[in-house]
Amino acid sequence: MRRAPTLTACLVATLLLTALAGAPGPAVARDLPDTYVVSRAPGVLPEGIAVTPDGTLYVSSDGTGALYRGHIGRPDLRPFAAQGLKGRPSTLGVHTDRRGRVLSVGGATLTVHDRHGRLLATRTAAGGPLGAPDLNDLTVTKDAVYVTDWANPVVYRADIRGGTLGPLEPWLDIRAAFPQFPAQYWLLNGIVANEAGTTLLVASNGTEAVWRVSTADRTVTRLSLGEESFGPDGMALRGRTLYAVLNYGAPHGVYIARLDEELRTGTVTHRLTNASLGGEPFDLPTTLARHGCRLYVVNSQLDEPPGRPPYTVSAVDDPTCRTS
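Residues numbered from 1 in each chain as written. Predicted model: local features only at pLDDT ≥ 70, side-chain atom pairs only at ≥ 80, totals over all residues. Heavy atoms only, no water.

Note on terminology: a disulfide is the covalent bond linking the sulfur atoms of two cysteines. A full pass over the atoms with the stated rule returns one disulfide. What pairs with C293 in a disulfide is C321, and their sulfur atoms sit 2.2 Å apart. Judged by the sign of its S-S torsion, about -105°, the bond between C293 and C321 is left-handed. In this pair, C293 is assigned in the loop between β23 (285-291) and β24 (294-299) and C321 in the segment after β25 (311-317), connecting sequence segments 28 residues apart. Judged by its relative accessible area of 41%, C293 falls in the partly exposed class. (Disulfide = S-S within 2.5 Å. Helix = DSSP H or I, 4+ residues; strand = E, 2+ residues; numbered from the N terminus. Buried < 20%, exposed > 50% of the residue type's maximum accessible area, 1.4 Å probe, protein only.)

Written as structure tokens, this is what we have:
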């Protein structure tokens, strides 16, 4: 429970604020680049992104399978020397865990690297009900990694025990939630988990919906956002705020929804599109990451492969942040 501040506390706070007003502080949004160059090499086609608490950026390449690394304070990224990726022609989802390890997926494999690029683990998914897997995105909880499959209506899971990653196994065939829908058109995309790891939100381009999954009993229900069409690509979840990148069935951009406590229903509160931002910051955006009060959005150029260098990430302000 919060208590009203005492007079002494107020005086101390006032003195601290006065002292800090003239002191140099950390970089603020206006000091950071609006655009980050992932690569100037042809054919890279960036797809996934992760930002660590210290501001390190990781971006994946759909075109080459490589990973790139940079920092939010610098406009240019460099290739991340990650071992064992030469045989993977495409890397899509990329995330980091609490230990700073870099997890990424592409084709049939999930890989784990340390921050120096050393390969710590590789897990391969077996074929799904429709054939070979095409792993799309992942989310990391305290006890598991969950992975979506673009080619099969399947969510995979790998247990985490004592920091060790178990096998990547089929965990949920999501077709039962909408059995009349053709299996080959589910097109599972982004996936996020709440802080406790008890609830997943899974995006499906094909059904143009987000599906809520209970990790305890694998119950699947449709997230109700009051929208006729809401089929995101990548997503991010912070508390009850869902950030989703839409690039199909709606103007391209970032859509922000405020959800209820159980993550069952919500309302779209903000739509950040090229038109609403008064310019053209997005070039077929695929996913995003949040750091501080900024959103880092990948410009994939996947609508016109191999696209044209440079390949970039755009940073925009998060309108849900409160100003003091």
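Further remarks concern the environment of G253. Here G253 lies in strand β21 (residues 253-259). Since its relative accessible area comes to 0%, G253 is described here as buried. The sequence separation of G253 and V297 amounts to 44 residues, and the corresponding C-alpha distance is 8.8 Å. In contact with G253, other than residues within four places in its own chain, are A244, V245, L246, L272, T273, F282 and P285. (Contact = heavy atoms within 4.5 Å.)

We now examine the packing of aromatic side chains. Under the defined criterion, the tally for this structure stands at nine aromatic pairs. Each ring, one from Y58 and one from F80, has its centre 5.3 Å from the other, and the planes form 70°; the classification is edge-to-face. Taken together, the positions of Y58 in strand β3 (residues 56-61) and F80 in the loop between β5 (78-79) and β6 (94-96) put the pair 22 residues apart, joining distant regions of the chain. Taking the relative accessible area as the measure of exposure, Y58 reaches 3% and is therefore buried. One aromatic cluster is present, formed by F178, F181, W186 and W211 through successive ring pairs. (Phe/Tyr/Trp six-rings, centres within 6.5 Å; stacked < 30°, edge-to-face > 60°.)

Enumeration according to the criterion identifies 10 salt bridges in this entry. A salt bridge links D159 to R161, with the shortest nitrogen-to-oxygen separation between them at 3.6 Å. Residue class for R161 comes out exposed when judged on its relative accessible area of 64%. Salt-bridge contacts for E262 lead to R264; the nearest nitrogen and oxygen are separated by 2.9 Å. (Salt bridge = Lys/Arg side-chain N within 4 Å of Asp/Glu carboxyl O.)

Let us now look at the sheet that holds strand β22 (residues 266-273). Strand order in the open sheet formed by four strands is β19-β20-β21-β22, and the pairing between neighbours is antiparallel. Because the sheet does not close on itself, it has two edges, and the strands there are β19 (235-238) and β22. Within this sheet the neighbouring strands show an average axis-to-axis angle of 20°, counted without direction. Taken together, the six bridges between strand β20 (residues 241-246) and β21 define a ladder with antiparallel strand orientation. Pairing of V245 across the sheet is with V254, part of β21. (Pairing = 2+ DSSP bridges. Axes fitted to C-alpha atoms, helices over the stretch in contact; angles between N-to-C directions.)

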